[in-house]
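This is what each chain is made of:
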Amino acid sequence: MNYLNGINSPKDIKKLNMDELESLCAEIREYMIDSVSKTGGHLASNLGVVELTVALHKVFNSPNDQIVFDVGHQCYTHKLLTGRKDGFNSLRQEGGISGFTRRNESEHDIFSSGHSSTSISSAIGLAKAKTLKGDKGKVIAVIGDGALTGGLAYEALNNSGHENSNLIVILNDNDMSISKNVGSMAKELTTIRTSPKYFRFKSKISRVLAKIPKIGSKLTAFITLVNTKIRKRVYKNTFFEDLGFRYYGPIDGHDLDALIDALTVAKAHNHSVLIHINTIKGKGYQFAEKDPSKFHGIGKFDVNTGEPINSGETFSSVFGKSLMNLADKDFRFCAVTAAMATGTGLVEFAEKYPKRFFDVGIAEQHAVTFSAGLARNGLLPVFAVYSTFLQRSYDQLIHDIAMQDLKVIFAIDRAGFVGEDGESHQGLFDTAYLMSVPKLTVFAPTYFDELSSMLYQAAYKEKNAVAIRYPRGSEGEKPEGYSYQKENYSIFGNENAKCAIVTYSREFVQCYKAYQELDNAFLIKLNRIKPIDESVCEHLRNAENILFAEEGIKSGGVGECFAAIIKEHGINAKFTHIAIDDEFVKQASVKSQLKHYKLDSDSIVKEVELLNG
């Protein structure tokens, strides 16, 4: 690591010549592959932007020039170049550096991120603020073609190009072609237009023409008009230029010379610029290049084989198989995803039923309303989505599904703690907002067989929309002899015990362990958390204490709804609620998060013993 070890800030990059920068890129790839194999993380996307990130820090002066990475999952090279190499082995670990950009981590991380399609909107705001305050410096939004499928990106583009002279958008195209192949003529034109020599020559000519009395401004306007028409004829796709951007591209995103030239020209411009680059996701690591989806977000893996170290059955894979079993017998079943087929377990469904599989891109709002349309015309759509991403479509859930009495099934993956992905990805908020949606039924399985059974119930036993929320990863220990019989809640132990422990989903595993150690407690497992079956109150008449434990946000969550119900039914027991109270949960292992928030079995035992005196 001859060069990487010498990089402590972006200023150090500016000292390197082109050959040294090429060597630096190779070192970064080697270091990143080795490090992520030990910590897990987003590998393929980061390998694809090594040259781009090096070029950005070579040309611009961060943080005065502000770089905003969309999603932030491709910021690893950026972290290595901004003084965080020594802590990189703590990536995504408790107390370590985040796998996304975080404002509290570095002055070079301009926006905390984790969700898609936000970079252009925030960059416009940053650029406008700089203009109003008279601050110098550019604002650069780096957005992938996948993120450009999100509607927010187009809202921003529509609001950006004509008014922001200090805005640069870099479109990292690594899969989907945004514009048609423009051919060799356009590529040659781009090469010429992004040459600093050409730009200096053009600027000099413009200054000379401007000095010619009477006709100078007219000549400049005429040349600009001709230039624009030529570009439109050659490029054929003028979408970005029609929005007010000066468009350059496509450019080889692994060609440092070309990138540095293009960025240098963009930096000198006094109007909005969009640079379209082509990159290879997973570049430099054969396994990631061959299967970039697998290495998009991966746990620990063997560098030599590319195989995950820990694998096995998960809630996601069980969901995918269960949905296929239903689709085998009922043609109405359709699967909808927002660019997360692999993560939600739908790859096999897509291969088996391609006409009934719909990947709408990173567009959760559209996915929900699209599902509403499928349902309105007699199909049974199942939208598989991470809890953290369903947040983006709350209005559609209310207005286009629930209010219309439409039958859509929401398979909510990654519910509860998600561990190392950190604040932006914890699935802790869905219960709070789902509890407020009229006519929506919500199931919360703890085990694989419950998930399969609840999916069947959702399809054939419920009239309106249904959400099934389940955690990331594998199932926990199951009580001997326990079998879900489609009951709304299950009771374990003597109902005359002093303390009732109430919980749902994965947290049941911790509560059951605690219950086994306690002498004067019984346990209620909620299988359907909305609506709560109020007959449960009859089992609480003799309880002196009720402890409600949930892996979710406290305000508006299931526990608060449960507390209101038991009060209405005249249950006078002391109510204690353990949940996440008004904060964002930082990255750590799920085990550590459970312990920190007193949701592990040991903490439950201590709390019940304290309550029982």
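Counting from 1, residues in each chain are numbered in the order their sequence is written. In view of the model being predicted, local features appear only for residues whose pLDDT reaches at least 70, and side-chain atom pairs are presented and counted only at 80 or more, with totals across whole chains, interfaces and linings using the full set of residues. Note that water and hydrogens are dropped before the side-chain values are worked out from all heavy atoms of the structure.

Peer 1: Help me understand the sheet that holds strand β14 (residues 521-526) in this model?
Peer 2: Strands belonging to one sheet form pairs held by backbone hydrogen bonds; the direction of such a pair is parallel or antiparallel. Any two strands between which DSSP finds at least two bridges are classified as paired. Helix and strand labels come from DSSP, where a helix needs a run of H or I of at least four residues and a strand needs a run of E of at least two; each type is numbered from the N terminus. Strand order in this open sheet of five strands is β12-β14-β13-β16-β17, and the pairing throughout is mixed. Two strands lie at the open edges of the sheet, namely β12 (489-492) and β17 (574-580), each paired on one side alone. If you compare each strand with its neighbour and ignore which way they point, the axes differ by 20° on average. Alignment of strand β13 (residues 499-504) against β14, held across six bridges, turns out to be parallel. In the sheet register, T503 faces β14, and the bridge partner there is K525. We call two residues contacting when some pair of their heavy atoms lies within 4.5 Å. Between N-to-C directions, angles span 0 to 180 degrees; the directions come from axes that are lines fitted to C-alpha atoms, helices contributing only their stretch in contact. On top of the sheet, helix α21 (residues 558-568) reaches β13, β14, β16 (545-553) and β17; it is set at about 150° to β16, its chief contact. On the sheet, helix α23 (residues 601-612) packs against β13, β14, β16 and β17 and is oriented at approximately 150° with respect to β16.

Peer 1: Before we go on, may I ask you to explain the packing of helix α20 (residues 507-517) against α23 in this structure?
Peer 2: When two helices pack together, their arrangement is given by the angle between the helix axes and the distance between those axes. Packing of α20 against α23 brings their axes to within 8 Å, and their N-to-C directions diverge by 50°. Our classification of the angle between α20 and α23 gives oblique. Crossing handedness for the pair α20 and α23: right-handed. In this structure, α20 contributes E507, Q510, K513, A514 and E517 to the contact, and α23 contributes S601, I604 and V605. Among the residues making up the contact of α20 with α23, the classes are represented as three nonpolar, two polar and three charged. For classification purposes, an angle smaller than 35 degrees is called roughly parallel, one larger than 145 roughly antiparallel, one from 65 to 115 roughly perpendicular, and anything else oblique. Crossings are classed by handedness, with left-handed meaning an anticlockwise turn of the near helix from the far one by less than a right angle and right-handed meaning a clockwise turn. Polar here means any residue outside two lists: the nonpolar Ala, Val, Leu, Ile, Met, Phe, Trp, Tyr, Cys and Pro, and the charged Asp, Glu, Lys and Arg; Gly therefore counts as polar.

Peer 1: What is the right way to read the packing of aromatic side chains from this model?
Peer 2: The geometry of an aromatic ring pair is captured by the separation of the ring centres together with the interplanar angle, meaning the angle of the planes. Planes of paired rings set the category: under 30 degrees apart is stacked, over 60 is edge-to-face and the rest tilted, where pairs are Phe, Tyr or Trp rings (Trp by its six-membered ring) whose centres lie within 6.5 Å. One pass over the structure, following the stated rule, counts 29 aromatic pairs. Ring geometry for F315 and Y470: centres 6.2 Å apart, planes at 25°, overall stacked. Note that F315 is positioned in helix α13 (residues 315-329) and Y470 in the loop between β11 (466-469) and β12, a separation of 155 residues in sequence. Given a relative accessible area of 1%, F315 falls into the buried group. Both rings, one in F383 and one in F410, keep their centres 6.3 Å apart while their planes meet at 70°; by these two values the pair is edge-to-face. Within this pair, whereas F383 is found in strand β8 (residues 380-386), its partner F410 is found in strand β9 (residues 409-413), the two being separated by 27 residues in sequence. For every residue, the accessible area (1.4 Å probe, protein chains only) is compared with the maximum for its type, and the residue is labelled buried under 20%, exposed over 50%, or partly exposed between those bounds. The class of F383 is buried, set by a relative accessible area of 0%. When its relative accessible area of 1% is taken as the criterion, F410 is described as buried. Put simply, the rings of Y447, Y482, F492, F508, Y512 and Y515 pair up and form one aromatic cluster. Should the NZ of a Lys or the CZ of an Arg lie within 6 Å of a ring centre and within 35 degrees of the ring normal, that charge is described as sitting over the ring. Just above the ring of Y353 sits the side chain of R356; from NZ or CZ to the centre is 4.2 Å. Over the face of the ring belonging to F508 we find K525, whose NZ or CZ atom lies 5.6 Å from the ring centre.

Peer 1: Sorry if this is basic, but what is going on with the nonpolar core here?
Peer 2: Note on soluble globular proteins: their nonpolar side chains tend to be buried together. In this structure, F319, L323, L346, F349 and I468 are the most contacted members of the largest nonpolar core, which totals 60 residues. Among the elements that line this core, the one with the most residues is α13, at seven residues. Not counting residues up to four positions away in its chain, the partners in contact with L346 are F319, L323, A335, V336, T337, A341, F357 and A384. What makes a nonpolar core is a set of buried Ala, Val, Leu, Ile, Met, Phe, Trp, Tyr and Cys residues whose side-chain atoms join them at distances within 4.5 Å.

Peer 1: I keep staring at a positive patch on the surface and nothing clicks. Help me out?
Peer 2: Only residues whose relative accessible area exceeds 30% and that form no salt bridge are eligible for patches; like-charged ones are grouped when within 9 Å, while nonpolar side chains (Val, Leu, Ile, Met, Phe, Trp, Tyr) are grouped when within 5 Å. Surface accessibility follows the Shrake-Rupley procedure with a 1.4 Å probe radius. Residue values consider only the protein chains on display as shielding. Salt bridges are defined as contacts in which a side-chain nitrogen from Lys or Arg sits within 4 Å of a carboxyl oxygen from Asp or Glu. Here Asp and Glu are counted as negative and Lys and Arg as positive; His is not counted, and neither are the chain ends. In plain terms, the charge of a residue is placed at NZ if it is Lys, CZ if Arg, CG if Asp and CD if Glu. On the surface, a cluster of positive charge is contributed by K513, K591, K595, K598 and K606. Among the structural elements, K595 can be located in helix α22 (residues 590-596).

Peer 1: Mind showing me how you'd approach helix α15 (residues 364-376) here?
Peer 2: Taking 1.5 Å per residue, 13 residues should reach 18 Å; α15 reaches 18 Å between its end C-alpha atoms and fits that length. Within α15 the residues assigned to the buried category are E364, A367, V368, S371, A372, L374 and A375. Seen end-on, α15 carries its buried residues on one side only, within an arc spanning 160°. Buried residues in α15 make contact with β6 (333-337), β7 (357-359), β8, α16 (387-390), α17 (394-402) and β9. A positive phi of about 95° marks G378, the residue just after α15. Here the expected span of a helix is defined as 1.5 Å times the quantity of residues minus one. Working note: the arc is built from the helix axis to C-beta atom directions.

Peer 1: How should the pattern of salt bridges be read in this particular structure?
Peer 2: A side chain with one charge can pair with a side chain of the opposite charge if their charged atoms come near. Taken as a whole and judged by the stated rule, the model has 25 salt bridges. Among the ionic pairs, D421 bridges to R92, the shortest N-O distance being 2.9 Å. Taken together, the residues span a long stretch of sequence, with D421 in the loop between β9 and α18 (430-434) and R92 in the loop between α4 (76-81) and α5 (119-133) at a distance of 329 residues. As far as burial versus exposure is concerned, D421 and R92 are alike and both buried. Here the salt bridges share partners, and the residues they tie into one network are K79, R84, E105 and D109.

Peer 1: Please clarify how a negative patch on the surface should be interpreted in this entry.
Peer 2: A contiguous patch of negative charge, built from D19, E22, D252, D255, D257 and D261, is present on the exposed surface. Counting residues per element, the ones that place at least two in the negative patch are α1 (18-39) and α11 (256-268). Considering the arrangement of structural elements, one finds D257 in helix α11. Look at D257 and you get partly exposed, because its relative accessible area is 44%.

Peer 1: Looking at this structure, how should I read the packing of α5 against helix α6 (residues 151-158)?
Peer 2: As a packed pair, α5 and α6 sit with axes 7 Å apart at the nearest point and diverge in direction by 30°. Classified by the angle between their axes, α5 and α6 sit roughly parallel to one another. Seen from α5, the contacting residues are I120, S121 and I124; seen from α6, they are L152, A153, A156 and L157. Considering only residue class, the contact of α5 with α6 consists of six nonpolar, one polar and no charged.

Keep in mind that these numbers describe shape and distance, not what the molecule does.
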